[in-house]
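For reference, the chains in residue letters:
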Amino acid sequence: MNIYVLLKKTFDTEEKIAVSGGVIEDDGAEFIINPYDEYAVEEAINQRDAHGGEVTVVTVGDEDSEKQLRTALAMGADKAVLINTEDDLEDGDQFTTAKVLEAFFADKEADLILAGNVAIDEASGQVGPRLASSLGISYVTTVTSLKIDGETVNIEKDVEGDVEIIETSLPLLVTCQQGLNDPRYPSLPGIMKAKKKPLEELEIDDLDLDEDDVEAKTRTTDIFLPPEKEAGRVLEGDVQDQVKELISLLKNEAKVL
Ligand SMILES: Cc1cc2nc3c(=O)[nH]c(=O)nc-3n(C[C@H](O)[C@H](O)[C@H](O)COP(=O)(O)OP(=O)(O)OC[C@H]3O[C@@H](n4cnc5c(N)ncnc54)[C@H](O)[C@@H]3O)c2cc1C
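Residues numbered from 1 in each chain as written. Predicted model: local features only at pLDDT ≥ 70, side-chain atom pairs only at ≥ 80, totals over all residues. Heavy atoms only, no water.

Helix and strand counts for the chain stand at 6 helices and 13 strands. If one aligns the C-alpha atoms of the chain with their principal axes, the spans along those axes are about 75 × 40 × 40 Å. If you take every contact in the chain between residues at least 6 apart in sequence, the share linking residues at least 24 apart comes to 69%. Roughly 15,300 Å² of accessible area belongs to the chain as shown, and the carbon and sulfur atoms make up 45% of that amount. For the chain, the distance from the average position of its 24 positive side-chain charges to the average position of its 58 negative side-chain charges is 5 Å. (Helix = DSSP H or I, 4+ residues; strand = E, 2+ residues; numbered from the N terminus. Contact = heavy atoms within 4.5 Å. Areas by Shrake-Rupley, 256 points an atom, 1.4 Å probe, with all protein chains shown as cover. Lys, Arg positive; Asp, Glu negative; His and termini not counted. Charge placed at Lys NZ, Arg CZ, Asp CG, Glu CD.)

Right under this line is the structure:
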């Protein structure tokens, strides 16, 4: 089975992100594999081990994305592809990313493509469904269980806490939700092996694309952090007076009564 994982590098969730002039400052920030993509890598490895074939991890990124690809290889993926847009594209959006991936998959025979449910930074959840749609294959989002039997695929999908049971067939793209599996940590032998596993680097030229083909359809005009929370207020004194004061505050300040 030809299994592919779409992998995005994101800020480490522990990072304190600074926003200045509508731009996220990422100088010196630590980057990790988007956490939902770790479920996708783990699932891809498990499906390969059960059904044979190989796992290829693909990212649209820059030179530094090699680190996250090597981590996926150390977890157990077989091959990695870095589509490096650094020198060719200054700007991009979900359309750009999906279009680049569409060109990459044009000559591939993918049986199963796994993506994350959302990227934790921009969280549009668009890239997987957009790609499946342009490749003309089925897709199911927020998957928490995936069972493949021949061409038939049985899926459990999270719907805001409820479970939807779906039957579909390969080829298929799924986006992975928390609960699908427990992603493994790369082992030391895995890390050593990953250094020698194939990592192909492509540019958009290699995919017969030029800048105009992938020009962003949207422009981010501003990004800002939520306003700082004001400190809470502790009422003091006699309980009867506190209750009266609370009612007055809810009525006159919060205006919720
Ligand atoms: C050339 C270029 C320049 C960009 N410039 C900017 C910029 O200046 N400012 C800015 O804010 N953003 C920029 N982006 C990022 C872009 O706006 C989105 O972050 C990106 O398209 C993914 O959208 P998302 O984060 O909403 O992912 P989602 O759609 O939420 O991601 C869902 C899943 O899709 C897959 N996926 C998402 N992104 C990638 C990827 N890059 N490679 C492989 N798989 C992926 C992963 O499996 C992920 O879990 C740029 C992108 C490109 C290609």
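Following the structure, the description resumes.
Taken as a whole, the second largest pocket holds about 220 Å³ of empty space. Taken together, 14 residues make up the lining of the second largest pocket; nearest its centre are Ile 32, Ile 33, Glu 38, Thr 71 and Pro 186. Elements supplying a minimum of two residues to the lining of the second largest pocket: strand 5 (31-33) and helix 2 (66-75). It is helix 2 that contributes the most residues to the lining of the second largest pocket, 4 residues altogether. (1 Å grid on protein atoms, 1.4 Å probe; cavity = no way out; pocket = protein on both sides within 12 Å on 5 of 7 lines; lining within 4 Å. Points joined across faces, edges and corners; volume = space filled by probe spheres on them.)

This brings us to the environment of Gly 136. With respect to the secondary-structure elements, Gly 136 resides in the loop between helix 4 (127-135) and strand 9 (138-149). A residue is classified by how much of its surface remains accessible, and Gly 136, at 64% relative accessible area, is exposed. (Buried < 20%, exposed > 50% of the residue type's maximum accessible area, 1.4 Å probe, protein only.)

Take unusual backbone geometry next. With the exception of glycine, the majority of residues adopt a negative phi angle, and the majority of peptide bonds are in the trans configuration. Of note, the amide linkage connecting Leu 170 to Pro 171 takes the cis form, showing an omega dihedral of -5 degrees. One can find Pro 171 in the loop between strand 11 (162-169) and strand 12 (172-176). The phi dihedral of Thr 142 falls on the positive side, at around 45 degrees, and the residue is not glycine. Along the chain, Thr 142 turns up in strand 9. Assessed through its relative accessible area of 12%, Thr 142 is described here as buried.

Evaluation of the coordinates by the stated rule reveals 5 aromatic pairs. Pairing Tyr 4 with Phe 104 gives two aromatic rings, centres 6.2 Å apart and planes at 75 degrees, and the pair type is edge-to-face. With a gap of 100 residues between them, Tyr 4 in strand 1 (residues 2-6) and Phe 104 in helix 3 (residues 94-105) connect regions that are remote in the sequence. Both residues of the pair, Tyr 4 and Phe 104, count as buried. On the basis of an interplanar angle of 80 degrees and a centroid distance of 5.0 Å, the ring pair of Tyr 4 and Phe 105 is categorised as edge-to-face. Of this pair, Tyr 4 sits in strand 1 while Phe 105 sits in helix 3, and the two are 101 residues apart along the sequence. Taken together, Tyr 4, Phe 104 and Phe 105 form an aromatic cluster joined through their ring pairs. Of note, Lys 9 hangs over the ring of Phe 31, and the distance from its end group to the ring centre comes to 4.7 Å. The positively charged end of Lys 217 is found above the aromatic ring belonging to Phe 95, 4.7 Å away from the centroid. (Phe/Tyr/Trp six-rings, centres within 6.5 Å; stacked < 30°, edge-to-face > 60°. Lys NZ or Arg CZ within 6 Å of the ring centre and 35° of its normal.)

Before going further, it helps to spend a moment on the domain arrangement of the chain. It is common to give the size of an interface as the accessible area lost on bringing the parts into contact. Domain annotation for the chain reports domain 1 (2-214) and domain 2 (229-257). If you average the C-alpha positions of domain 1 and of domain 2, the two centres end up 49 Å apart. (Domains from an automatic or database assignment.)

Mapped onto the fold, Phe 11 is located in strand 2 (residues 9-11). Leaving out residues up to four positions away in the same chain, Phe 11 has contacts with Ile 17, Ile 24, Asp 26, Ala 29, Glu 30, Phe 31, Ile 32, Ile 120 and Asp 121.

This part takes up the nonpolar core. Grouped together as the largest cluster of nonpolar side chains are 35 residues, with contacts concentrated most on Val 5, Leu 114, Leu 146, Ile 155, Leu 172 and Val 174. No other element matches the 6 residues that helix 1 (residues 35-51) contributes to this core. The residues touching Leu 146, leaving out its near neighbours within four places in the chain, are Glu 43, Gln 47, Leu 112, Leu 114, Val 153, Asn 154, Ile 155, Val 174 and Leu 180. (Core = buried A, V, L, I, M, F, W, Y, C linked by side-chain atoms within 4.5 Å.)

So, on to the pairing of strand 10 (residues 152-159). As judged from the 6 bridges shared by strand 9 and strand 10, these two strands associate in the antiparallel manner. For Asp 149, the partnering residue across the bridge sits in strand 10 and is Thr 152. Where strand 9 folds back onto strand 10 in an antiparallel hairpin, the turn is made up of 2 residues, including Gly 150, whose phi is positive at roughly 65 degrees. Here 8 bridges tie strand 10 to strand 11, and the two strands are oriented antiparallel to one another. Counterpart to Val 159 in the pairing with strand 11 is Asp 162. (Pairing = 2+ DSSP bridges.)

Another point: the site of the ligand. Taken together, 27 residues surround the ligand, and among them Lys 8, Asp 37, Thr 97, Ser 124 and Gly 125 come closest. At 2.5 Å from an oxygen atom of the ligand is found a side-chain nitrogen or oxygen belonging to Lys 8. In this structure, an oxygen atom belonging to the ligand sits 3.3 Å away from a side-chain N or O atom of Asp 91. Within the complex, the protein chains bury 85% of what would otherwise be the 920 Å² of accessible surface of the ligand. Listed by contribution, the elements that provide at least two residues to the shell around the ligand are strand 6 (54-61), helix 3 and strand 8 (112-116). (Near = heavy atom within 4 Å. Polar contact = N/O pair within 3.5 Å; in protein donor to acceptor, adjacent residues only side chain to side chain.)

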